[in-house]
Amino acid sequence: MVASSVLGFPRIGANREIKKVVEAYWAGKTNAEEVTKVAAEVKKFNWTELKQRGVTYIPSGDFSLYDHVLDHSAAFNAIPKRYHGLGLSALDTYFAMARGRQADGVDVPAGEMKKWFDSNYHFLVPELDEAVEFKLNFNKPLEEFNEAKAFGITTRPVVLGPITYLALSKATKEAKADFEPISLLPKILPVYKQLLSELKAAGAEWVQIDEPILVTDKGASFEAQYASAYPDLVAVAPKLLLTTFYGRLESNVNFLVKLPIAGLHVDLDRAPEQLEKTISAVSSTPIVLSLGVVSGRSVWKTDFAAAIKLVEKAISGLGQDRVIVATASTVLHIPVTLASERKLTEEQKDWFSFALEKASEVATIAAVVSGSQDANVAAALEANRTSITKRRDFEKNSDDSVRKRVASITADQYERKSPFAVRLEAQKVLNLPMFPTTTIGSFPQTKEIRQARAKLGKGEISESEYEEFIKKEIESAVRFQEKIGLDLLVHGEPERNDMVQYFGERLSGFVFTQNAWVQSYGSRYVRPPIIVSDVSRKEPMTVRWSQYAQSLTSKPMKGMLTGPVTILNWSFPRVDISRELQAQQLALALRDEVCDLEAAGIKAIQVDEPALREGLPLRRADWDSYLNWAGNTFKLSTAGVGDQTQTHSHFCYSDFDDIFPQIQRLDADVISIEASKSDMKLINTFKHYGYSNNIGPGVYDVHSPRVPGDVEIQERIKAMLAYLDQSLLYVNPDCGLKTRGWKETETSLVNLVQAARWARENYA
């Protein structure tokens, strides 16, 4: 009989319970006991629901209050020295590592955040050096295994693998110059052995050990480490299922099948082409093969016929007892359940499948290939066949005008009229000083703004009343910026619910959900729109608000847009046409908006692409194709303006060293880029490549409530000027200020302006 499996589940709760309780805890409105209570309720819900849907292997240990990698660091005592001796509880130390802390005499910054492989999920980067003393502070997988067991539910604990954990880590500032975190493998293995042996003693039959680093180019370099580590782990552990996801193993499968592991998981959603090679590789071993045939990242319903075909191929080569039907990855990346959606049409709901529905899918596919005669299974199979047929019929519809416009794109539409040096001279009309100060776009989304938006949605206030409210918020933001002396202003974006959803709601081709929340990081959840058909702009989307903001001030005002690649990557895209075609459609819609902003008198226009690096394929062999079309769509969206119009773009929370030449190719007049949270390591990139256009490396971290002092910002400016032309340096935060409170925002920006004035006095 073929078993079924879900590799991981959303931790947020069906009604965002975790966000609500941890934010209440941070605000001092509840206690640690309540946090623990709510977390327990969410975990019980997850386990119970998966069991009711017939899933064989239910994950435990994958829950987190903030981030699973941070959990691992805390459990293994990989806690940087700056968080020691602060007199904080274990929970407060954990949150200080995640968010920083500035209260009660404690002032520590947060750790660095980075994108989790090629997803929009962010993890806290472990910081390691030779002095780290690994030990098991607590055994989280064991605790959750026993917790589920108390409810009568047997689970398969999930553990982040040692080699992936070390490969994702970075060296601390105190580490020796040649230190590599992977060198700590012998030091960390005894802690893994303790954790796994305790799980075995508790009765765990299987442990899922996640090693996604194996689908990257870096994975092959760790062959020796896998060969040395896993025999030691297997000797004391329950049966180990080594899981890989988000991409293809390629030649790495050849050394993995030599390991004494009990099972291997491969992602057939992202890389179905690897199935035959994997079957061949494991066929002469006793290894069980877990097949990721149900996407953990797409909200589209699984085509059972296509999935069953893949599974049956594995069964024919290995037999039923050596095959597991699974989600391709954790379903952390999709919403909890479609059952919460009330406004989607019945036709639309029939297209989609969220996390709980995906669980039902793996159970149904496993039952079908096991030869089940259950009438409910037969009915589910037939219903899926009907749904897929209807969706295929819908997908045949296209907007001829959009398709023809894409087909008519010419090479000159990707290029500005003049080179940067000419544009730089023309843009002196902006009358900006040396070290111009600006922000990335959004200002705090206050409780009052959210309430006004909710009242509008419920019909409690009229559209005109809402617009008057938004006008007042914009004017308040403009006056504040003028008061503190910022040079290049923004309108603050009070009218926007989200930087992607806002545009999706004003473009054709999208549908929207009510409760389809997905975790981006910590308590930051997003509700991605879903692209279902060809995309076009119906009318101007932002012009009226930018034009109104500009009318309030003599200082230049930036128009604020989200770029085509980010809208694509932060939506759930179509799967019937290429991502490139979808990005081109978005770029043409944004090009029209950029040109309309210019015509309305907006002299600086920012088109943000924070997800550009995130979308980069995990294998370098696939980079060129992606970077070519991704870069071209950005250029297509921005190149239609004249020389006097200053184009900006923003990038955040990624490693840019490898693709910095492609960022240069975008030819934006100004780029702002995250720098402060990554220990200003971007400076080394500037040192290596140089940069000839205007640039604003972020001088403080906006994802922490901590307020930087002006001297701290001065030091960052000083460090940048060692490698950057002072005439091209902008001074700005790391990212938008939407999630911050006004009090910390005001103080931080005042300090930023003071630091820029200091720079003018000392360098100009």
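Residues numbered from 1 in each chain as written. Predicted model: local features only at pLDDT ≥ 70, side-chain atom pairs only at ≥ 80, totals over all residues. Heavy atoms only, no water.

The biggest cluster of nonpolar side chains holds 144 residues, and the ones touching the most others in it are L65, Y226, Y230, L242, L264, L291 and F352. With eight residues, helix α7 (residues 185–201) is the largest single contributor of residues to this core. Those residues within four positions of L242 in sequence are excluded, and the remaining contacts are I209, E211, L214, Y226, Y230, L256, L259, I261, G263, L264 and H265. Listed in part, the 86 residues of the second largest apolar core include M541, A549, L586 and L627. (Core = buried A, V, L, I, M, F, W, Y, C linked by side-chain atoms within 4.5 Å. Buried < 20%, exposed > 50% of the residue type's maximum accessible area, 1.4 Å probe, protein only. Helix = DSSP H or I, 4+ residues; strand = E, 2+ residues; numbered from the N terminus. Contact = heavy atoms within 4.5 Å.)

Proximity of charged atoms lets side chains of opposite charge pair with each other. Applying the stated criterion across every chain, the model contains 47 salt bridges. Note that R392 is salt-bridged to D303, the shortest N-O span being 3.6 Å. A residue pair is termed long-range when its members are at least 10 positions apart, and R392 in helix α14 (residues 375–395) and D303 in the loop between β13 (288–294) and α11 (304–318) qualify at 89 residues. The exposure class of R392 is partly exposed, given its relative accessible area of 33%. Of the residues examined, D303 reaches a relative accessible area of 24% and is grouped as partly exposed. Each of the salt bridges in this network shares a partner with another, and the network as a whole consists of D217, R248, E250, R619 and D622. (Salt bridge = Lys/Arg side-chain N within 4 Å of Asp/Glu carboxyl O.)

In this section: unusual backbone geometry. Even without being glycine, E250 reaches a positive phi, approximately 55°. In this fold, E250 is placed in the loop between β11 (239–243) and α9 (252–256). Judged by its relative accessible area of 34%, E250 is partly exposed. If you check the backbone angles, N431 has positive phi at about 60° while not being a glycine. Tracing the backbone shows N431 in the loop between α16 (420–426) and α17 (447–458).

Now for the sheet that holds strand β21 (residues 646–651). The strand order across the open sheet built from five strands is β19-β20-β21-β22-β23, with neighbouring strands paired in parallel fashion. The open sheet has two edge strands with one neighbour each: β19 (558–562) and β23 (694–697). Geometrically, the sheet is characterised by an average inter-axis angle of 20° between neighbouring strands, direction not taken into account. Taken together, the three bridges between strand β20 (residues 604–608) and β21 define a ladder with parallel strand orientation. Bridging from a neighbouring strand, I605 pairs with T647 of β21. With respect to the sheet, helix α22 (residues 579–599) is in contact with β19 and β20, its orientation differing from that of β19 by roughly 175°. (Pairing = 2+ DSSP bridges. Axes fitted to C-alpha atoms, helices over the stretch in contact; angles between N-to-C directions.)

Time to look at the packing of helix α5 (residues 140–150) against α7. Put simply, α5 and α7 touch, their axes get as near as 9 Å, and they point 15° apart. The orientation of α5 relative to α7 falls into the category roughly parallel. Classified by chirality, the crossing of α7 by α5 is right-handed. Between α5 and α7, the contacting residues are P141, L142 and F145 on the first element and L195, E198 and L199 on the second. (Parallel < 35°, antiparallel > 145°, perpendicular 65-115°, else oblique. Left-handed = near helix turned anticlockwise from the far one by under 90°.)

Attention now goes to the UniProt feature "binding site: L-methionine" (unreviewed entry) in the protein. Those places that UniProt annotates as "binding site: L-methionine" (unreviewed entry) correspond, in this numbering, to I440, G441, S442, E493 and D608. A maximum C-alpha distance of 13.7 Å places the annotated residues, which cover 169 residues in sequence, within one compact spot. In the annotated set above, the residues contributing to the lining of the largest cavity are I440, G441, S442, E493 and D608. If we ignore the near neighbours within four places in the chain, the residues touching I440 are M560, Q606, D608, H650, S672, N732, P733, D734, C735 and G736. Looking at where E493 falls in the secondary structure, it is placed in the loop between α18 (463–484) and α19 (501–504). According to the relative accessible area criterion, E493 is buried, its value standing at 11%. Sequence-distant contacts of E493, defined by excluding residues within four places in its chain, comprise G441, S442, Q445 and M560. (UniProt positions renumbered as here; feature names shortened; annotations may be inferred. 1 Å grid on protein atoms, 1.4 Å probe; cavity = no way out; pocket = protein on both sides within 12 Å on 5 of 7 lines; lining within 4 Å.)

Further remarks concern the UniProt feature "binding site: 5-methyltetrahydropteroyltri-L-glutamate" (unreviewed entry) in the protein. Sequence positions flagged by UniProt for "binding site: 5-methyltetrahydropteroyltri-L-glutamate" (unreviewed entry) are, in local numbering, K19, N120 and W570. Of the annotated positions mentioned, N120 and W570 line the largest cavity. Relative to the helices and strands, N120 is located in the loop between β5 (113–115) and β6 (122–124). Looking at N120, the relative accessible area reads 18%, which means it is buried. Setting aside residues no more than four positions away along its own chain, N120 makes contact with K115, S520, V526, W570 and E614. If you trace the backbone, W570 turns up in the loop between α21 (564–569) and α22.

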